[in-house]
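# Residue-level structural notes
The chain contents come next:
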Amino acid sequence: LADNETELEENIELSLDAYNLLGIGYSLKKGGEQQSIFYYKKCIDQKPNEHSFYRNRAISYIYLEQLPNLPLKIRNSYKQKADEDLKKVIEIAKNTENKDYQILHSEALAYDLLGNPKLALSLINKSIESFKIETNIFKKDKNEFKEIKLLHKDLIKAVN
């Protein structure tokens, strides 16, 4: 295991992919939110301007915030951390010149979770269009597109 960790640390792109996948995996496991946040932090430490790491970590904080029987102070702390990450997603998106469907998706989700579904709907529509015109088949993540369409459906309900 130590050799594998050394290899991960030496290959930044490999480590980012591995740690992000570990974060996603732990966030899907009941009670794995703290561990997922740990791995997203490793990703953010190495690549602090990657929107998806902040988006994913914010979602883990939101899951923690929703745990039953948490004292209000702890619940508010998780909400504050989630909001900070969502605002960072928006900041990164605003500073990105050519936005692809993925960053538009992250930005839309951030605005929705921060309480602006109208702006989120506008951005998710742009994300769908951007996905459709993406010509590089290897850049098209069909699982993410399913998430985009689900968010689109939810936003239409929220706005109407």
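Overview of the structure. All residue numbers refer to position in the chain's written sequence, counted from 1. A pLDDT threshold of at least 70 governs which residues receive local features in this predicted model, and a stricter bar of 80 or more applies before side-chain atom pairs are shown or counted, although totals over entire chains, interfaces and linings include all residues. The basis for the side-chain values is all heavy atoms of the structure; hydrogens and waters are excluded.

## Concerning the overall build of the protein
Note the following rule: Each helix is a run of H or I in the DSSP string that is no shorter than four residues. Each strand is a run of E no shorter than two, and both are numbered from the N terminus. As a reference, a globule follows 2.2 Å times the number of residues to the power 0.38, and the radius of gyration itself is taken over C-alpha atoms. Note on classification: 1.4 Å probe, protein chains only; a residue is buried when its accessible area is under 20% of the maximum for its type, exposed when over 50%, partly exposed between these limits.
Helices and strands together make up the secondary structure of the protein, namely eight helices and zero strands. When the helices and strands of the protein are listed from N to C terminus, the series reads α-α-α-α-α-α-α-α. Over its C-alpha atoms the protein spans a radius of gyration of 16 Å, differing by no more than 12% from the 15 Å that the globule rule assigns to 160 residues. Once the C-alpha set of the protein is aligned to its principal axes, its extents read approximately 50 × 45 × 25 Å. By residue count, 39% of the 160 residues in the protein fall in the buried class.

## Some details on the nonpolar core
Nonpolar side chains in soluble globular proteins tend to be buried together. The cut-off we apply is this: In this description, a nonpolar core means a group of buried Ala, Val, Leu, Ile, Met, Phe, Trp, Tyr and Cys residues linked to one another through side-chain atoms lying within 4.5 Å. Two residues qualify as a contact provided that any one of their heavy atoms is within 4.5 Å of a heavy atom in the partner residue.
Ranked by size, the top nonpolar core spans 30 residues in total, and within it Ala-108, Ile-124, Ile-148, Leu-151 and Leu-155 carry the most contacts. Contributing elements (two or more residues each) for this core: α2 (12-28), α3 (33-46), α4 (51-65), α5 (72-94), α6 (101-113), α7 (117-133) and α8 (142-159). Broken down by element, this core gets its largest block of residues, seven residues, from α6. Look past the residues within four positions of Ala-108 in its chain and what remains in contact with it is Ala-120, Leu-123, Ile-124 and Leu-151. Core analysis: the second largest hydrophobic core is formed by six residues, Tyr-61, Ile-62, Leu-64 and Tyr-78 among them.

## Considerations on the environment of Ala-58
The residue Ala-58 is located in helix α4 in this model. Since its relative accessible area comes to 0%, Ala-58 is described here as buried. Linking Ala-58 and Asp-112, residues 54 residues apart in sequence, is a C-alpha distance of 13 Å. Sequence-distant contacts of Ala-58, defined by excluding residues within four places in its chain, comprise Ala-82, Asp-85 and Leu-86.

## Here's the deal with the environment of Asn-49
Here Asn-49 shows up in the loop between α3 and α4. In this structure Asn-49 comes out as exposed when scored by relative accessible area, which is 57%. Considered as a pair, Asn-49 and Asn-95 are 46 residues apart in the sequence and their alpha carbons are 9.7 Å apart. Beyond its immediate chain neighbours, meaning those up to four positions away, Asn-49 contacts Lys-88 and Ile-92.

## Quick notes on the pattern of salt bridges
Where side chains of opposite charge bring their charged atoms close, a pairing between them can arise. Condition: Any Lys or Arg side-chain nitrogen found within 4 Å of a carboxyl oxygen on Asp or Glu counts as a salt bridge.
Scanning the entire structure with this criterion turns up six salt bridges. Across the pair Asp-45 and Lys-41 runs a salt bridge, and its minimum N-O distance is 3.0 Å. You can see Asp-45 and its partner Lys-41 sitting in helix α3, four residues apart, about one turn around the helix. Using a relative accessible area of 44% as the deciding quantity, one classes Lys-41 as partly exposed. We note a salt bridge from Glu-107 to Lys-99, for which the minimum N-O separation is 3.0 Å. Owing to a relative accessible area of 4%, Glu-107 belongs among the buried residues under this scheme.

## Structural notes on the layout of surface pockets
To be explicit about the condition: Cavity: a set of points on a 1 Å grid over the protein atoms alone where a 1.4 Å probe fits but cannot get out. Pocket: an open set with protein on both sides within 12 Å along at least five of seven lines, its lining residues, like those of a cavity, having an atom within 4 Å of a point. Grid points are joined across faces, edges and corners, and a volume is the space filled by probe spheres set on the points. Polarity classes work like this: nonpolar for Ala, Val, Leu, Ile, Met, Phe, Trp, Tyr, Cys and Pro, charged for Asp, Glu, Lys and Arg, and polar for all others, with Gly in that last group.
As a volume, the largest pocket reaches approximately 1,100 Å³. In terms of lining residues, the largest pocket is bounded by 39 residues, among which Ile-24, Arg-55, Asn-56, His-105 and Glu-147 are the most central. A total of nine residues in the lining of the largest pocket trace back to one element, the largest contributor, which is α4. Across the lining of the largest pocket, the residue classes tally to 15 nonpolar, twelve polar and twelve charged.

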